[in-house]
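Single-letter residue listing:
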Number of protein chains: 2
Amino acid sequence: MEERKLGTMSQDTGRAPRGNARGELARVRLLEAALESFARKGFHGTSTRDIAEAAGMSPAAVYVHYPTKEQLLYELSRAGHHKVRSRMDDAVARHTEPADRLREVVREFAAWHARSQVQARVVQYEMAALDPGHAAEIAALRRDIETLMRRLLIDGHDAGVFRVDDPPMTALAILSLGIDVARWYRPGGEWSPERIGDQYARMALDLVHYAPKAPPSRRRSRSSGA
Amino acid sequence: MEERKLGTMSQDTGRAPRGNARGELARVRLLEAALESFARKGFHGTSTRDIAEAAGMSPAAVYVHYPTKEQLLYELSRAGHHKVRSRMDDAVARHTEPADRLREVVREFAAWHARSQVQARVVQYEMAALDPGHAAEIAALRRDIETLMRRLLIDGHDAGVFRVDDPPMTALAILSLGIDVARWYRPGGEWSPERIGDQYARMALDLVHYAPKAPPSRRRSRSSGA
DNA sequence: ACGGTTTCTAAGCGATCGCTTAGTTTCGGA
DNA sequence: TCCGAAACTAAGCGATCGCTTAGAAACCGT
């Protein structure tokens with residue numbers, strides 16, 4: 001399966017309130033069909049007839065629910081970006097220590113790109129097909145994500161637990177690790193999303209030279225922080 | 001600019017020897033036009049008329065030189081993959097120490113994905129549009145690259161200079177770092193391809209916990225390897 | 001300077017594209 | 001039980017797709 005289903009799509013995009021129930025179901029079926037097809041063949045490689053057929057409808061039925069093919073992509077991209085951002089925000093809120101925050105954020109981020117690989121592919125690799133207005137809105141969400149990651153690194157640096165030469169580039173690199181999972185991951189392989197999340201969280205801590213300082217049980221002592 | 005130009009494309013793909021000179025120039029112009037368009041709008045988002053226009057020819061002229069649009073993609077993908085692989089092979093050959101090899105290979109790999117971003121985008125993100133036969137050939141090249149990276153990590157581990165929990169996953173992660181550069185890099189930004197190469201090489205060494213062992217100046221002693 | 005080959009274009013083929021129109025079926029509330 | 005709204009389909013519009021055909025122009029070895 002693919003994580004939680006799309007149903008209801010977090011919040012309305014600001015459009016028509018519509019009838020309900022039956023139409024809502026059709027709308028979700030169309031989103032799911034479009035998602036699968038966009039992920040597999042790309043936005044431009046997918047025809048509206050592909051989507052309609054996968055959703056079990058006639059080609060014209062698509063346009064009862066969505067004004068354009070691009071609107072389907074936009075809603076999928078928007079929902080996916082919101083999902084990722086809120087998962088990261090939640091992970092930050094669950095902890096206070098910079099290292100715990102970074103570990104959990106990266107774990108969530110990388111694991112999501114595996115577990116929801118189909119959605120993640122569309123989120124990460126179909127942005128170029130968005131309308132300019134929609135693209136700008138999505139770009140803002142992506143800036144949030146990048147800003148959050150930079151903030152984590154700087155907080156860890158300021159707390160003296162991370163050592164980072166170039167925080168912006170390191171933030172980008174850590175995000176790259178997670179994003180690229182959507183490209184190579186295949187479900188049913190030897191690595192579970194959770195395993196990937198754990199390993200990638202560890203790697204992120206390696207990249208910031210994290211060295212726990214609190215209880216110096218019987219390890220080497222660190223002479224200074226900076 | 002975009003690294004070395006495409007001219008002559010390393011070696012023939014096995015097809016017609018053709019006339020020469022004038023046709024060769026037209027063929028290169030078409031490859032360059034297709035490359036730019038595939039990178040910007042994707043294979044399916046590019047029409048043969050786009051390519052012809054960008055190359056300054058009529059739509060029909062494309063088919064004098066290439067039998068299908070997919071053949072253009074295949075030759076670009078093939079040339080790009082060969083380029084990457086040979087750069088990595090050369091970097092390995094220039095050194096003997098595992099750490100030097102890894103550093104140079106990652107440096108080349110990451111810097112190439114920035115410097116030749118247009119080509120790298122097509123190489124990394126348009127594989128799904130290849131014919132099955134062509135895709136299989138390209139997949140073999142990609143396996144070479146992944147195998148080389150794993151080999152480097154295992155050699156470093158065996159030499160006792162790297163510590164790697166999961167070599168296959170770490171190899172994948174290091175490649176991910178470089179590959180994803182093709183997605184986010186924009187020329188003219190604050191980071192040069194060389195800077196990116198240097199930083200990413202450093203990060204790769206962090207991921208394998210590289211600690212130079214030779215002169216144990218006044219550092220902590222490592223008790224054992226495994 | 002001529003003949004054969006290569007390169008190129010104008011025109012267009014059938015297929016498919018995103019999307020619309022006109023009209024039918026299905027549904028839930030009064 | 002009936003009615004207006006919502007959901008749906010059959011058919012098809014004009015545009016564009018990848019690619020082909022027929023024939024004109026440019027080129028090169030002799």
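Residues numbered from 1 in each chain as written. Chains lettered and ligands numbered in written order. Predicted model: local features only at pLDDT ≥ 70, side-chain atom pairs only at ≥ 80, totals over all residues. Heavy atoms only, no water.

## As for the overall build of chain A
Broken down by element type, chain A carries nine helices and zero strands. Mapped from its N terminus to its C terminus, chain A presents α and β elements in the order α-α-α-α-α-α-α-α-α. Out of the 226 residues in chain A, the part that is buried amounts to 51%. The long-range share in chain A, meaning contacts at least 24 apart out of those at least 6 apart in sequence, stands at 73%. For chain A, the accessible surface area stands at approximately 11,000 Å², while carbon and sulfur atoms represent 51% of it. (Helix = DSSP H or I, 4+ residues; strand = E, 2+ residues; numbered from the N terminus. Buried < 20%, exposed > 50% of the residue type's maximum accessible area, 1.4 Å probe, protein only. Contact = heavy atoms within 4.5 Å. Areas by Shrake-Rupley, 256 points an atom, 1.4 Å probe, with all protein chains shown as cover.)

## Looking at the protein's contact with DNA strand D
In the vicinity of DNA strand D lie 20 residues, with Ser58 and His65 of chain A together with Thr48, Arg49 and Lys69 of chain B positioned nearest. Put simply, 55% of the atoms of DNA strand D that lie within 4 Å of the protein are in sugar or phosphate. Breaking the surface near DNA strand D down by element, the ones donating at least two residues are helix 1 (22-41) and helix 3 (62-65) of chain A together with helix 2 (48-54) of chain B. Sort the elements by how many residues they give to the surface near DNA strand D and helix 1 of chain A lands first, with four residues. (Near = heavy atom within 4 Å.)

## Observations regarding the interface of chain A and chain B
Contacts between the two partners involve 30 residues from chain A and, on the opposite side, 30 residues from chain B. Of the roughly 2,800 Å² buried at the junction of chain A and chain B (both faces included), carbon and sulfur atoms supply 65%. Sorting the residues of chain A by area buried against chain B places Met169, Arg183 and Trp191 of chain A first, and these three jointly supply 21% of that buried surface. Between chain A and chain B we count six residue pairs in polar contact (both at pLDDT 80 or more) in total. Counting residues per element, the side of chain A that touches chain B draws most heavily on helix 8 (residues 167-184) of chain A, at 11 residues. In terms of residue class, the side of chain A that touches chain B is made up of 13 nonpolar, seven polar and 10 charged. (Buried area = accessible area lost by both parts, 1.4 Å probe. Polar contact = N/O pair within 3.5 Å; in protein donor to acceptor, adjacent residues only side chain to side chain. Nonpolar A, V, L, I, M, F, W, Y, C, P; charged D, E, K, R; others polar.)

## Observations regarding the pattern of salt bridges
All names here are of chain A. Under the counting rule described, the total for this entry stands at 34 salt bridges over all chains. Among the ionic pairs, Glu146 bridges to Arg150, the shortest N-O distance being 3.0 Å. Highlighted residues: Glu146 and Arg150, both in helix 7 (residues 132-158), separated by four residues, approximately one helical turn. By relative accessible area, which is 31% here, Arg150 ends up partly exposed. (Salt bridge = Lys/Arg side-chain N within 4 Å of Asp/Glu carboxyl O.)

## Concerning the relation of the copies chain A and chain B
Of the two same-sequence chains, chain A is brought onto chain B (RMSD 0.0 Å, axial shift 0.0 Å) by a rotation of 180°. Here the symmetry operator amounts to a two-fold rotation axis. Most of the interface of chain A is mirrored in chain B, where 100% of its interface residues are also at the interface. (Least-squares fit on C-alpha atoms with pLDDT ≥ 70 in both.)

## Let's talk about the packing of helix 4 (residues 69-93) of chain A against helix 7 of chain A
Residues and elements named next belong to chain A. At a minimum axis separation of 10 Å, helix 4 and helix 7 run at an interaxial angle of 15°. Judged by the angle between their axes, helix 4 and helix 7 are roughly parallel. Here helix 4 runs over helix 7; the crossing is left-handed. For the pair formed by helix 4 and helix 7, the contact residues are Glu70, Gln71, Tyr74, Ser77, Arg78, His81, His82, Val84, Arg85, Met88, Asp89 and Val92 on the first element and His134, Glu137, Ile138, Leu141, Arg142, Asp144, Ile145, Leu148, Met149 and Leu152 on the second. Split by residue class, the contact of helix 4 with helix 7 holds 10 nonpolar, five polar and seven charged. (Axes fitted to C-alpha atoms, helices over the stretch in contact; angles between N-to-C directions. Parallel < 35°, antiparallel > 145°, perpendicular 65-115°, else oblique. Left-handed = near helix turned anticlockwise from the far one by under 90°.)

## Details of the packing of aromatic side chains
In this structure the tally under the stated criterion is nine aromatic pairs over all chains. Ring centres 5.0 Å apart and planes at 35° place the aromatic pair Tyr125 of chain A and Tyr125 of chain B in the tilted group. Within this pair, whereas Tyr125 of chain A is found in helix 6 (residues 117-125), its partner Tyr125 of chain B is found in helix 6 (residues 117-125), the two belonging to separate chains. When the centroid spacing of 6.1 Å and the interplanar angle of 85° are considered together, the rings of Phe162 of chain A and Tyr210 of chain A count as edge-to-face. Note that Phe162 of chain A is positioned in the loop between helix 7 and helix 8 and Tyr210 of chain A in the segment after helix 9 (193-207), a separation of 48 residues in sequence. Three or more aromatic residues link up through ring pairs in this structure, and these residues are Trp184, Tyr185 and Trp191 of chain A. Above the plane of the ring of Phe43 of chain B lies Lys69 of chain B, whose end atom (NZ or CZ) is 4.2 Å from the centre. (Phe/Tyr/Trp six-rings, centres within 6.5 Å; stacked < 30°, edge-to-face > 60°. Lys NZ or Arg CZ within 6 Å of the ring centre and 35° of its normal.)

## Comments concerning the protein's contact with DNA strand C
Around DNA strand C lies a shell of 20 residues, among which Thr48, Tyr63 and Lys69 of chain A together with Ser58 and His65 of chain B are the nearest. Counting only atoms of DNA strand C within 4 Å of the protein, the fraction found in sugar and phosphate groups is 54%. At a separation of 2.9 Å, a base nitrogen of DNA strand C approaches a polar side-chain atom of Arg49 of chain A. At 2.7 Å from a phosphate oxygen of DNA strand C is found a side-chain nitrogen or oxygen belonging to His65 of chain B. With four residues, the top contributor of residues to the surface near DNA strand C is helix 1 (residues 22-41) of chain B. Its residues assigned to classes, the surface near DNA strand C comprises seven nonpolar, seven polar and six charged.

## Section: the packing of helix 4 (residues 69-93) of chain B against helix 5 (residues 98-115) of chain B
Residue and element names in this part refer to chain B. Between helix 4 and helix 5, whose axes approach to 8 Å, the crossing angle comes to 150°. Accordingly, the angle class assigned to the pair helix 4 and helix 5 is roughly antiparallel. Every pair of crossing elements has a handedness; the one defined by helix 4 and helix 5 is right-handed. Only Arg101, Glu104, Val105, Glu108, Phe109, Trp112 and Arg115 of helix 5 make contact with helix 4, whose side of the interface consists of Gly80, Lys83, Val84, Arg87, Met88, Ala91 and Val92. Taken together, the residues of the contact of helix 4 with helix 5 break down into seven nonpolar, one polar and six charged.

## A short note on unusual backbone geometry
Among all residues except glycine, the phi angle is most often negative; among peptide bonds, the trans geometry is most common. Residue His209 of chain A is not a glycine yet carries a positive backbone phi of 55°. On the basis of relative accessibility, which here comes to 19%, the residue His209 of chain A falls in the buried class.

## A word on the confidence of the model for chain A
Residue and element names in this part refer to chain A. Within chain A, residue pLDDT values average 89, and 85% of them lie at 70 or more. For the stretch residues 7-18, pLDDT sits under 50, and the model shows 18 contacts to residues farther than four places along the chain or on other chains. In this model residues 215-226 is a low-confidence stretch, pLDDT under 50, and it forms three contacts with partners more than four residues away in sequence or in other chains. (pLDDT = per-residue confidence, 0-100.)

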